[in-house]
Amino acid sequence: MENRAFLQSLFSKYYRENPNAIQEPSRIESREFGFLLFQGKVMIRHRRFETVEELRDFMARVGPSDAYRSAAYYQRPDASMDEKGWLGADLAFDIDADHLETACQKEHDSWRCLECGYVGRGKAPERCPNCGKSKFKESTWPCDVCLSTAKDELIKLIEMLEDDFGFSADKMHIYFSGHRGYHLILEDEEIRSLGQEERREIVDYVMAVGLVPELHGFAKESTKIPSFDSPGWRGRIARGVYEVMHLATTPNGRKELKAAGVRGKTLTTLTEQGENIINMLENGKILKLPKGVGEKTWKKLLLRGAKRRAVEVDPVVTIDVHRLMRLEGSLHGKTGLRKVEIPLTRLEAFDPMEEAVAFDKGELKVKIVVDVPKFHIGQEELGPYRAGKTETLPLAAAVLLLCKGFAEVHRD
Amino acid sequence: MEVFTREDWAKYPFLPGASQYLRELGLGLPELDRPEYRPILDRAEERVRQAILRGKVDPEFFDVDLEAFSFVVALMLVSLVGNEYPRRRYALAEAERARVYLAGEGVGSLLEIARSIGWRIRKVDTLKEARDYQFALSLKDYLKNSVGFHDLRWKLVNRLVHGGWVYITSGEATRLLVEEIKRIIEERAGRKIDGKVPEGLQAKVNQIRALLSEREVGRVEEVPKGVYLEHFPPCIKNLYNALLGKRHLSHVGRFTLTTFLLNIGMAPEEVIKLFSSLTDFDERITRYQVEHIAGERGSRTKYTPPKCETLRTHGLCVGADDLCRRIKHPLTYYKLKLRSAGRSKAREG
């Protein structure tokens, strides 16, 4: 049987047997729903469901590869975009490992140039080193390190939303996306009516875009600077630059300083005399920067500090007030894992490759078509597998490889 | 909380309390034709006329009730004229008038005014909380009123934000209040008027319409044709140089450059030629895209470049120069540069 048809029947069966897997979005009747199908990869949009039962019934009948619902509320969710009657939208954040730099990307991610077929590892470059074109097919992997890096970002985001913006934790819904990241949806009357521009300001705040350290009291030499425990970005910049200076004085310091944009002689000065700046930071006063370290360099260090404390979210998701988000509880078409809600208290211990597994029973024989890195699903350590081999795998692992296109259903 | 006086209603006739007060005095549409109300009609017309001609309503007044009443009548007048331009213009001018009075208010009065128009705002304990600020404003009210400002100090990321409060000074509170007032008035001046319009008011409507069409003549702004590289804003210059240097441009980068060049009057054919310098140039696709953006194909929408805010988010803003700080859109930068270049040329000649 062809892969897609096989997956569709499997997804459909899953939804039939586990109707309650689909979580009911709040105010379901005001949400727009959208679906991607396995056959033909068509997007069905502008659907409306009065009750969660209707929705569950649809999922079981159709077995879509991916299911989405709007973060927005509409008067007529099933009307065309212009006639929907926008009533407001929750504030949504998407943290995806694709947007983060992790050391392991080179090991498990790859890309193929669509023009000449050249293959490389890690993130796709801007242009192909072989032919110079810039169209690639990228293949990523939901690896443990990437996912835990994404989780660290999520924790920073939660702290910012609570401390700076004053949102209470019980209004935040946190989800594993089913693939390589996390979603946070904030349902709060206060922000529902915010438009794109206002949301952009929130995104820029979170990502430290357009941040000017001078406006936070990091003006010139010889002045008192905000203490580490100052609220908002003040304290964050102070802690961030302290961290940067600590890293700068370690054996690997040059790398951190280069990332800050420091070059040449200044770089050496800072690695050697960084201790001085650290002392000044601890005393909350920048008396005199070392010779050769000017105000421009100081600003670079401050901005680097801010960057370390900023949260890497996908800005478009938060800004777009008509955005469709993956439906909570549904299966992800690229992994066969579920998008699941995580109680805030359990976030630290949450392991997506264990708790988001849908197909936890049975085995399946598949033919590996692309090399697969080592991974784990549930309690089981699996791989690596070589292309061309036939393997009998736990169903969840087999589905993951089928969804990723790393394997094919084995035909006897 | 009743600290407002009749004089306050004259100064701030857009406050909900003022509407309440005027309703209690009882004046309806039909009464407007009575001779004793003539001064109200006249002052209402004057308000709108000053708004259109000078962008500010004269703040001085002699009769307290007349001043407050004439505001309500002016709102009807603007609504009946029924055009977006005078409505925006009027809202702005009334907000400017209010600014004059707000500037003279103390912390206590500002707080009362802000609260009466629905803000969630509180006084700041300057000793314990934050030395340099007088108020803490809710995140939502701050964002709603500050997104239009583009000086970097108004950006949320450059503010002290804590526990859902944005800290602001009295001066900043005034500035934000003016924005809110502008919005309130624009909304109210857009409301439909029910009932028969009294003759006297209709006459004023006609006068204002006449004034508007008089000013319409000769106001068509011409965009000079021709491409002046030296007037490009820094972001566009950077994209343009990247293109010439055969460096890679992101999708948004290409879109920005294309829309910019088309909007300043470069012919689609020339834009295509320019892009042909790229190594992965595919003339058929480029032609399709450029012509689509130019509005010659597909949805026939003519696209404009993204505004500064968007460019900043996409990392295409390469750092603002002095002129950038005053504008929100790369095309405005170009137009202003052209205009000032034109002026100095005129002086030379």
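The numbers attached to residues start from 1 for each chain and follow its sequence in the written order. The lettering of chains begins at A and the numbering of ligands begins at 1, in the order of writing. Reporting of local features is limited, given that this is a predicted model, to residues whose pLDDT is at least 70; pairs of side-chain atoms are given and counted only at 80 or more, and all residues count toward the totals for whole chains, interfaces and linings. Side-chain measures were taken over the full set of non-hydrogen atoms in the model, leaving aside hydrogen atoms and water.

Chemist: Help me understand the packing of aromatic side chains in this model?
Modeler: Pairs of aromatic rings are described using the distance from one ring centre to the other and the angle between the two planes. For Phe, Tyr and Trp, rings pair up if their centres lie within 6.5 Å, where Trp contributes its six-membered ring, and each pair is then called stacked (planes under 30 degrees apart), edge-to-face (over 60) or tilted (otherwise). For the structure on display, the rule yields 26 aromatic pairs over all chains. With a centroid separation of 5.8 Å and 70° between ring planes, the pair formed by Tyr14(A) and Tyr15(A) is classed as edge-to-face. For the residue pair Tyr14(A) and Tyr15(A), the accessibility class agrees, reading buried in each case. Here the aromatic cluster, defined as three or more aromatic residues joined through ring pairs, consists of Phe11(A), Tyr14(A), Tyr15(A), Phe38(A) and Phe359(A). Sitting over the face of the ring of Tyr175(A), Lys339(A) holds its NZ or CZ atom 4.6 Å from the ring centroid. For Arg175(B), the ring lying beneath its charged end belongs to Phe149(B), and the centroid distance is 4.2 Å. Exposure categories follow from relative accessible area, calculated using a 1.4 Å probe and restricted to protein chains: below 20% of the type maximum is buried, above 50% is exposed, and the middle band is partly exposed. Criterion for a charge above a ring: Arg CZ or Lys NZ at most 6 Å from the ring centre, at most 35 degrees from the ring normal.

Chemist: Would you mind showing me how to read the sheet that holds strand β14 (residues 324-326) of chain A here?
Modeler: Strand pairs in the sheet, formed through backbone hydrogen bonds, run parallel or antiparallel to each other. All names here are of chain A. The 4 strands are arranged β2-β1-β3-β14 in an open sheet whose pairing can be described as antiparallel. Unpaired on one side and paired on the other, β2 (43-47) and β14 mark the two borders of the sheet. Neighbour-to-neighbour, the strand axes of this sheet turn through a mean angle of 25°, independent of strand direction. Whether two residues touch is decided by their heavy atoms; if any such pair falls within 4.5 Å, the residues are in contact. Angles run from 0 to 180 degrees between N-to-C directions of axes, and those axes are lines fitted to C-alpha atoms, restricted for helices to the stretch in contact. In DSSP terms, a helix is any run of H or I states spanning at least four residues, a strand is any run of E spanning at least two, and both are numbered starting from the N terminus. Along the sheet, helix α2 (residues 52-62) contacts β1 (33-36), β2 and β3 (66-70); its crossing angle with β1, the most-contacted strand, is approximately 10°. Strands were regarded as paired on the criterion that DSSP finds at least two bridges between them.

Chemist: What is the right way to look at the packing of helix α7 (residues 232-248) of chain A against helix α9 (residues 264-283) of chain A in this model?
Modeler: Two quantities define a packed helix pair, namely the angle between the axes and the distance from one axis to the other. Residues and elements named next belong to chain A. The N-to-C vectors of α7 and α9 enclose an angle of 150°; their axes lie 8 Å apart at closest approach. Viewed along their axes, α7 and α9 adopt a mutual orientation that is roughly antiparallel. As α7 runs across α9, the sense of the crossing is left-handed. Residues Val241, Tyr242, Met245, His246 and Ala248 of α7 touch α9, and the partners they reach there are Leu270, Thr271, Gly274, Ile277, Ile278, Leu281 and Glu282. Charged residues are taken to be Asp, Glu, Lys and Arg, nonpolar residues to be Ala, Val, Leu, Ile, Met, Phe, Trp, Tyr, Cys and Pro, and polar residues to be all remaining types, Gly included. Classifying every residue of the contact of α7 with α9 by side-chain character gives 8 nonpolar, 3 polar and 1 charged. Here the angle decides the label: under 35 degrees means roughly parallel, over 145 means roughly antiparallel, 65 to 115 means roughly perpendicular, and every other value means oblique. Helix crossings get a hand from a simple test, with the near helix turned counterclockwise from the far one by less than a right angle marking a left-handed crossing and a clockwise turn marking a right-handed one.

Chemist: I keep staring at the interface of chain B and chain A and nothing clicks. Help me out?
Modeler: Quite often, the size of an interface is put as the accessible area lost when its parts meet. Contacts between chain B and chain A engage 29 residues on the former and 32 residues on the latter. A quick way to say it: buried area is the sum, across both parts, of accessible area lost when two parts are put together, with a 1.4 Å probe. In total, about 2,900 Å² of surface goes out of reach between chain B and chain A, with carbon and sulfur atoms giving 57% of it. Here Lys155(B) ties to Asp204(A) by a salt bridge, and the two come within 2.8 Å at their closest N and O atoms. Identification of polar contacts relies on pairs of N or O atoms within 3.5 Å, with a donor-acceptor requirement for protein atoms, meaning one able to donate a hydrogen and the other able to accept it, and with residues adjacent in sequence counted only if both atoms are side-chain atoms. Linking chain B with chain A are 15 residue pairs in polar contact (both at pLDDT 80 or more), by the criterion used here. Put simply, the parts of the chain that give the side of chain B that touches chain A at least two residues each are α7 (139-146), β3 (161-162) and α14 (308-313) of chain B. Class assignment of the residues belonging to the side of chain B that touches chain A gives a composition of 10 nonpolar, 9 polar and 10 charged. By definition here, a salt bridge exists when the distance from a side-chain nitrogen of Lys or Arg to a carboxyl oxygen of Asp or Glu is within 4 Å.

Chemist: Help me understand the domain arrangement of chain B, please; the structure alone is not making it clear to me.
Modeler: As far as domains go, chain B holds domain 1 (6-102 + 196-215), domain 2 (107-181) and domain 3 (229-344). Where each domain starts and ends comes from a domain assignment, either automatic or drawn from a database. Between domain 1 of chain B and domain 3 of chain B, the C-alpha centre-to-centre distance is 44 Å.

Chemist: Got a minute to help me understand the environment of Gly333(A) in this structure?
Modeler: Examined against the element boundaries, Gly333(A) turns out to sit in the loop between β14 and β15 (340-341). Linking Gly333(A) and Phe11(A), residues 322 residues apart in sequence, is a C-alpha distance of 9.2 Å.

Chemist: How should I be thinking about the layout of surface pockets in this particular structure?
Modeler: To find leftover empty space, one rolls a probe the size of a water molecule over the atoms. Reported here for the largest pocket is a volume of approximately 1,700 Å³. Buriedness for pockets is judged along seven lines, at least five of which must meet protein on both sides within 12 Å for an open set on the 1 Å grid over protein atoms alone, while cavities are sets there where a 1.4 Å probe fits but cannot get out, and lining residues have an atom within 4 Å of a point. Lining of the largest pocket is provided by 42 residues; of these, Ser134(A), His248(B), Leu249(B), Ser250(B) and His251(B) occupy positions nearest its centre. Contributing elements (two or more residues each) for the lining of the largest pocket: β9 (136-139) of chain A together with α11 (251-263) and α13 (283-293) of chain B. Grouping the amino acids of the lining of the largest pocket by side-chain chemistry returns 15 nonpolar, 15 polar and 12 charged. Grid points are joined across faces, edges and corners, and a volume is the space filled by probe spheres set on the points.

Chemist: Can you walk me through helix α10 (residues 295-309) of chain A in this structure?
Modeler: In an α-helix, one turn spans 3.6 residues, which is why side chains three or four residues apart end up on the same side. One less than the residue count of a helix, multiplied by 1.5 Å, gives the span that helix is expected to have. Between its first and last C-alpha, α10(A) extends 21 Å over 15 residues, near the 21 Å set by a 1.5 Å rise per residue. Listed as buried for α10(A) are Thr297(A), Trp298(A), Leu301(A), Leu302(A), Gly305(A) and Ala306(A).

Chemist: Hey, could you run me through the sheet that holds strand β6 (residues 91-96) of chain A in this one?
Modeler: All names here are of chain A. Read from one edge of the open sheet, 4 strands run β6-β11-β10-β15, paired in antiparallel fashion. With partners counted over all chains shown, the strands left at the sheet margins are β6 and β15, one partner each. Two strands pair when backbone bridges link them, and β6 and strand β11 (residues 181-186) are joined in this way by 6 bridges, in the antiparallel orientation. Each bridged residue has a counterpart across the sheet, and for Asp94 the counterpart in β11 is His183.

Chemist: Is there a simple way to think about the packing of α7(B) against helix α8 (residues 170-188) of chain B in this case?
Modeler: All names here are of chain B. α8 packs onto α7 with a crossing angle of 75° between their chain directions and a minimal axis gap of 9 Å. Considered as vectors, α7 and α8 are oriented roughly perpendicular to each other. Seen from α7, the contacting residues are Tyr142, Lys144, Asn145 and Ser146; seen from α8, they are Leu176, Glu179, Glu180 and Arg183.

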